Structure formats: structure tokens, C-alpha cells
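Architecture at a glance
For reference, the chains in residue letters:
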2 protein chains.
Amino acid sequence: MINRLIDNIKKTNAPIVVGLDPMLSYIPEHITQKAYAEYGETLKGAAEAIFEYNKGIVDAIYDIIPAVKPQVAMYEQFGIEGMIAFKKTVDYCKDKGLVVIGDIKRGDIGSTSQAYAVGHLGRVKVGNNVYSGFDEDFVTVNPYLGTDGIKPFVDVCKEEKKGIFILVKTSNPSSGEFQDRLIDGRPLYEYVGEQVAKWGEEVMGNGYSYVGAVVGATYPEQGKILRKVMPKSFILVPGYGAQGGKGKDLVHYFNEDGLGAIVNSSRGIICAYKQEAYAKFGSLNYADASRQATIDMINDINSARG
Amino acid sequence: MINRLIDNIKKTNAPIVVGLDPMLSYIPEHITQKAYAEYGETLKGAAEAIFEYNKGIVDAIYDIIPAVKPQVAMYEQFGIEGMIAFKKTVDYCKDKGLVVIGDIKRGDIGSTSQAYAVGHLGRVKVGNNVYSGFDEDFVTVNPYLGTDGIKPFVDVCKEEKKGIFILVKTSNPSSGEFQDRLIDGRPLYEYVGEQVAKWGEEVMGNGYSYVGAVVGATYPEQGKILRKVMPKSFILVPGYGAQGGKGKDLVHYFNEDGLGAIVNSSRGIICAYKQEAYAKFGSLNYADASRQATIDMINDINSARG
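Everything in this summary refers to the structure shown in the same document.

**Points about the overall build of chain A**
- Within chain A one finds 12 helices and 12 strands.
- The globule rule puts the C-alpha radius of gyration for 306 residues at 19 Å, and the 19 Å found for chain A is close to it.
- Overall, the C-alpha framework of chain A stretches about 60 × 55 × 35 Å when taken along its three principal axes.
- Per-residue burial for chain A yields a buried fraction of 63% across its 306 residues.
- Within chain A, counting contacts between residues at least 6 apart in sequence, those at least 24 apart form 73% of the total.
- Accessible surface for chain A amounts to roughly 10,600 Å². Of this, 48% is attributable to carbon and sulfur atoms.
- Side chains of chain A give 34 positive and 37 negative charges; the mean places of these two sets differ by 3 Å.

So, in C-alpha cells, the structure goes:
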């Protein structure tokens, strides 16, 4: 799957991923009204609105981006119905040829991590049949529990040729509280980065590992260091746009081959029509606003890379 | 909810929690066969078998335990149908008067953490209506992202009078990889424990905080230290039984008031009938085996505490 991600990036010349993290407040009224008219102001109504909203955006941008990253929390908050909208979104995006990174930040140990890996990347056996639960292409994983928590994901990745991105240095203001703590003079995130490189060794694609890392756009100095610590790991970069990261901050997240990083924007793209710069599109044409914001993001990043 | 957990513990004199972490391989054939006969060897069939299996166990033990801890990964691996079984299990246990700790180990930042908190502990607004997605009483949370990730959970706990258990020192063999790293001579888990104490200050119940911690039974020395670092936090203790922890290891996880810890066993209880000690019950009476294993566990812990 890392090879397909790279193919998609080369084809679109766009090292970006769009975060499908819908909030009800982002969704234009014409969509929510239609969903509520059919299903009422219910969890099902909300889930329907979310899926329709996503569909509009995906239809407008799938040809210019390599991948999407639905944030499962935004669906999970609506319970079962939300999870159904998540699954429909995953399937819809895959049908459109997009690589789907499930932003699930799961992490546990042993058979429990295996269950998450099976549910989101692999296949589960029921009697003589085999099923895929959610079937994303990549997922994000939390490293706090150590190798016991990661290994089951790596095993499923190997079997299914899928991938993971492990949280190393997150984009939020308080990420340093634990991640930046110095151990023998070096921050924790560097140790985690070293483990990411090690975990990734046994599952190599063409040049890059199935095991990638998450490093926030808001910490460019750390990104520069971590790029060297994990030379064969793709870096998934949140924090661009709404969180403050800019194209010029991201130059050092890439390797010399022009690859190695994929930059995420969520709100900045999916809720573009609410920003001054794209307000002219209006809420009816929210998806066109998203397309323009996507083009602008790609240009920002590519022009910074020169 | 921490007050109700304590009431339940006092009423049963059992500082334990039973982990409802079903694997298909644990479930007696008479249950799977019935479910497959009705729904086929499908995800729905598996989910039905899981719920029936849980129901049998809960019916057999609900009067002697204060709480259960369903591990969501074991349900999530069966996709949407699995999540429906999770929700049915949560509801069924609550109807039986049990406190439900959703072992979800979620953790993200800002509005994303808020979405998880809302989905699992709180309520979400859809138009003029308000709904609960999964509606557990407590959930487990991963601290790697720092205060930004925890605060939204604490806010929802305050509003709903619910609670969280934050991963501090997990029970698995490789938990030390990052958690034990020394920072100015003290391990990372102590810093996390200190933050747990701090985060918990503003959401106090009668004597204990809404914010608890996870500390594995397999690390009794660390448990002893962490008990002092977080005097007002309840400790959820995994790793008893199948993972090797014993009653006598756990004495120091409790405070002098006899409270402050709740010890989890999953496989050791729910799959008791497959152990030599309880094989005499047979698979048809698997739930009776679980009840006997529960009684034995309570006695082991209480006799160690003297």
C-alpha cells in the first residue's frame, strides 16, 4: 500500500492528504436539512448528512489528491450510525481510487492490538468465512505501550500489504509535555522515532517502509531531525493550515527524492467555504471551494519545495 | 460515577472488574452454533454469539461484582456488527446495575478528543435533539498527546459526572520501552502519574477523583510508588491472572481506607471453563465456571489484603 500511496502522489504531484473530519457545524444547511427531512434530527440523520457532505467533497477533489484521512472520532461521536457513515466514507473513497488513512490512533497490547489491526486493516474469520470490518489502507497508531502494542499491527500489515503511521511528535501545543522530555539529553520523540525506523525494517516496500510516522507541521525543527532518524519512513504531517503550519515549514520533512512526507489538511479544505478567501463560492458550492483550497494548498507546498 | 463505583465495591466487598473481552475461540459451541444457525457464519452471527456469551456471564456474576470492562477492540474487529454487540453489552450491564468501564484507550487532541469523549461518555447534539452514542460510565484514555488530549475528556466528565482511567504504567512486558525511560532520574510513568493527579484535582468525588489511572498488576513496585504519587486517583489494575499478577502483589495498590484500586481479570474469568481448575463445569455451564472463578479471585485479593 505504501507503493500505491507513492504512485498516487507521483500521479497527482500532490504530497497531500485531505482530512475528512466532519463536524455538523461545517455542513451546509441544504445537506443537513435534506438528511433531517428524511431521517429526522436523529443519529441516523446526522450520519447521513456527514456522508453526503463527504461525498460532495470527494467528488470534487478525488482526481487531484492521492489520499484521504477520515478521523474516526468525528464519526464515533454519533455512535453506531456514525460508524456506518465512517465505513461508507472509507468504501466510497477507495472506489474513487484514493488511499484511505484511517486516523484511529488505536493502541493496546498483544491480542487486543491484533484485534484493532484485524478490524481496521485485516480480515477476521467467522466459521469458514473471512470478513473485513472497516478495511482502511493505513491507520494511525499510538506507541505509548511499546513494541507489544505495535508488533501485531506490523504483522497484519505484512500479511495484507497495508501500513501504519505511528505517533511520534504530534502537532498540538502540549505535545511536548511527555514527548519532549529529555532522556540522556535526547527527547522521547527521538527514541520513538528510532523504534519506528526499527519496526519498519522488516516491512519494506519499494524504498519506503509500510511503517510511517506522524510528525506535526507545527514543529519544523523536530521534523528536520526526525526525517534523518527515520529515513525510510513516510511522515504523515498534521497541523498544516488551520493549526498554523505553512508550506515553507515543511521542506525538511521530505527526502531528496522529493518523497517521504504527506501533509494533511482537514478543516482548511473541507470547511473552506466558511473562510473569507473562499466565501465567494457560497455554501451551495462548498465542494468547489474545497477544490480551490486543495489546489492552493498543493501550490503552497510545491512552490516551497522549489 | 466514581462515587457509584465505590458504592458498588463496598456493597460487593469486591474491588474487582471483569473484562468482557470475548474472542470467538472462547465461546462455547452451543452458543456459536445457535447464532450461526440464525444469522449464518457472518459478522452479524459472530456479534450475536458474542453478545449471548457475555449475557450468560453477566447473568451469572452481576450480583457479586461492582463493574465490568468491555474491551472495544474485541468488538471493533467485527466491524459495525461488532460495535452493535459492544453497545448492547454496555446497555445490558448498565441495566444490571454494573458500572461499565469502556476499555477504549482513545486519545487525540482538542475537538477530536472531545468527539471521543462525547461519543463514549457524553451527549451529542443533532438539531434540537441530544443523543448518547455509546454511553459508558468510564473510559480508558492514552496520555501520549498531553494535556490537550486529556482536558476535553475531563470537561465531559465534569458535565456528565463520569470518569476516565489514564494509562500510566501498562501491564505488558515491553511497557518499559518508553514508560520507564528516566527523565532527570525519574521514569516517565511518574511524570504521567503526577499529571493524572493534577488533572484530577478539579473533578473530585467523595474522596476520589473522576480521573483515575491504569497501572499493571505485573509491576507491583511501580504500583506502590504510583499509589503515593496519585493518592486520590483510583487505580485500574490489569494483568491479574492470565498475565501473571497475583493478589499478594496488589496490596500496595490500595490506600489505607481499603479503597483506591479495582483489579481486572478478563480471560481468567470469562474463559474459566477452559482452565483445568474449572473444567468440571463443562462448556454448557461456562457461566457457572465464570462465577466460581470470580469468587476465587475476590477471595485471593481480599485474603491478601488481610
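**Observations regarding the sheet that holds strand β3 (residues 99-106) of chain A**
Residues and elements named next belong to chain A.
- Taken in spatial order, the eight strands line up as β1-β2-β3-β6-β7-β10-β11-β12 and close into a barrel, and their pairing is parallel.
- Bridging between strand β1 (residues 16-18) and strand β12 (residues 261-265) involves three bridges; their strand directions are parallel. Bridge pairing in β12 places valine 18 opposite serine 265.
- Running at roughly 125° to β3, helix α1 (residues 2-12) makes contact with β2 (67-68), β3, β6 (138-141), β7 (163-169) and β12 of the sheet.
- Across the face of the sheet, helix α10 (residues 220-229) comes into contact with β7, β10 (211-215) and β11 (235-237) while running at roughly 130° to β7.

**Observations regarding the packing of helix α3 (residues 43-61) of chain A against helix α5 (residues 79-95) of chain A**
Residues and elements named next belong to chain A.
- Between α3 and α5, the shortest axis-to-axis distance is 8 Å and the interhelical angle comes to 20°. Classified by the angle between their axes, α3 and α5 sit roughly parallel to one another. You can see that α3 and α5 cross each other, and the crossing is right-handed. Touching Leu43, Lys44, Ala47, Glu48, Phe51, Asn54, Lys55, Val58 and Asp59 of α3 are Glu81, Gly82, Ala85, Lys88, Thr89, Tyr92 and Cys93, all from α5.
- Residue composition of the contact of α3 with α5, grouped by class: seven nonpolar, three polar and six charged.

**Focus on the relation of the copies chain B and chain A**
- In screw terms, the move from chain B to chain A is a rotation of 180° and a rise of 0.0 Å along the axis, fitting with an RMSD of 0.0 Å. What we have between these two chains is a two-fold relation. The position closest to the rotation axis in chain B is occupied by the C-alpha of isoleucine 183 of chain B, lying 2.6 Å away.
- Looking at chain B, 100% of its interface residues are interface residues in chain A too, so the copies touch through the same face.

**Some remarks on the sheet that holds strand β11 (residues 235-237) of chain B**
All names here are of chain B.
- Read around the barrel, eight strands follow the order β1-β2-β3-β6-β7-β10-β11-β12 and close on themselves; strand pairing throughout is parallel. The sheet shows a mean angle of 30° between the axes of neighbouring strands, direction not considered.
- Note: strand β2 (residues 67-70) against strand β3 (residues 99-106), two bridges, orientation parallel. Each bridged residue has a counterpart across the sheet, and for alanine 67 the counterpart in β3 is valine 99.

**Overview of the interface of chain B and chain A**
- The partner chain A presents 71 residues to the 71 residues of chain B that form the contact.
- Carbon and sulfur atoms supply 63% of the area buried between chain B and chain A, which totals about 5,700 Å² over both sides.
- Taken as a group, Glu41, Tyr144 and Phe178 of chain B account for 15% of the area that chain B buries against chain A, more than any other trio of residues on that side.
- With its nearest N and O atoms 2.8 Å apart, the salt bridge here joins glutamate 76 of chain A to arginine 106 of chain B.
- At the boundary of chain B and chain A, one finds 37 residue pairs in polar contact (both at pLDDT 80 or more).
- The element that contributes the greatest number of residues to the side of chain B that touches chain A is helix α6 (residues 110-120) of chain B, accounting for seven residues.
- When grouped by side-chain class, the residues that make up the side of chain B that touches chain A number 35 nonpolar, 25 polar and 11 charged.

Here is what the cut-offs are and how they apply
Every chain is numbered on its own, with residues counted from 1 as its sequence reads. As a convention, the first chain written is A and the first ligand written is 1, with the rest following in written order. Per-residue local features of the predicted model are confined to residues with pLDDT of at least 70, and side-chain atom pairs are confined, for both listing and counting, to 80 or more; whole-chain, interface and lining totals are unaffected and use all residues. The side-chain values count all of the structure's non-hydrogen atoms but skip hydrogen atoms and water molecules. Helix and strand labels come from DSSP, where a helix needs a run of H or I of at least four residues and a strand needs a run of E of at least two; each type is numbered from the N terminus. Atoms counted for the radius of gyration: C-alpha only. Globule rule: 2.2 Å times the number of residues to the power 0.38. A simple rule labels every residue: compare its accessible area, found with a 1.4 Å probe on the protein chains alone, to the largest value its type can have, and call it buried under 20%, exposed over 50%, or partly exposed in between. In what follows, residue pairs with any heavy atoms lying within 4.5 Å of each other are defined as contacts. Computed with a 1.4 Å probe, the accessible areas rest on the Shrake-Rupley method; for each residue, only the protein chains presented here act as cover. Counted as positive: Lys and Arg. Counted as negative: Asp and Glu. His and the chain ends are not counted at all. Working definition for charges: the position is that of NZ of Lys, CZ of Arg, CG of Asp or CD of Glu. Note on pairing: two strands pair once DSSP finds at least 2 bridges between them. For helices, the fitted axis covers only the stretch in contact; all axes are lines through C-alpha atoms, and the angles between them, taken along N-to-C directions, range from 0 to 180 degrees. Reported orientations rely on four angle classes, namely roughly parallel under 35 degrees, roughly antiparallel over 145, roughly perpendicular from 65 to 115, and oblique for the rest. Crossing handedness is defined as follows: a turn of the near helix away from the far one that is anticlockwise and smaller than a right angle gives a left-handed crossing, while the clockwise case is right-handed. Amino acids are sorted into nonpolar (Ala, Val, Leu, Ile, Met, Phe, Trp, Tyr, Cys and Pro), charged (Asp, Glu, Lys and Arg) and polar (every other residue, Gly among them). Alignment of the copies relies on least squares applied to C-alpha atoms, considering only residues that score at least 70 for pLDDT in both. By definition, the buried area sums, over both parts, the 1.4 Å-probe accessible area that each loses when the two are put together. Here, a salt bridge means any Lys or Arg side-chain nitrogen found within 4 Å of an Asp or Glu carboxyl oxygen. Counting of polar contacts relies on pairs of N or O atoms within 3.5 Å, with two restrictions inside protein: one atom must be capable of donating a hydrogen and the other of accepting it, and residues adjacent in sequence are counted only when both atoms are side-chain atoms.

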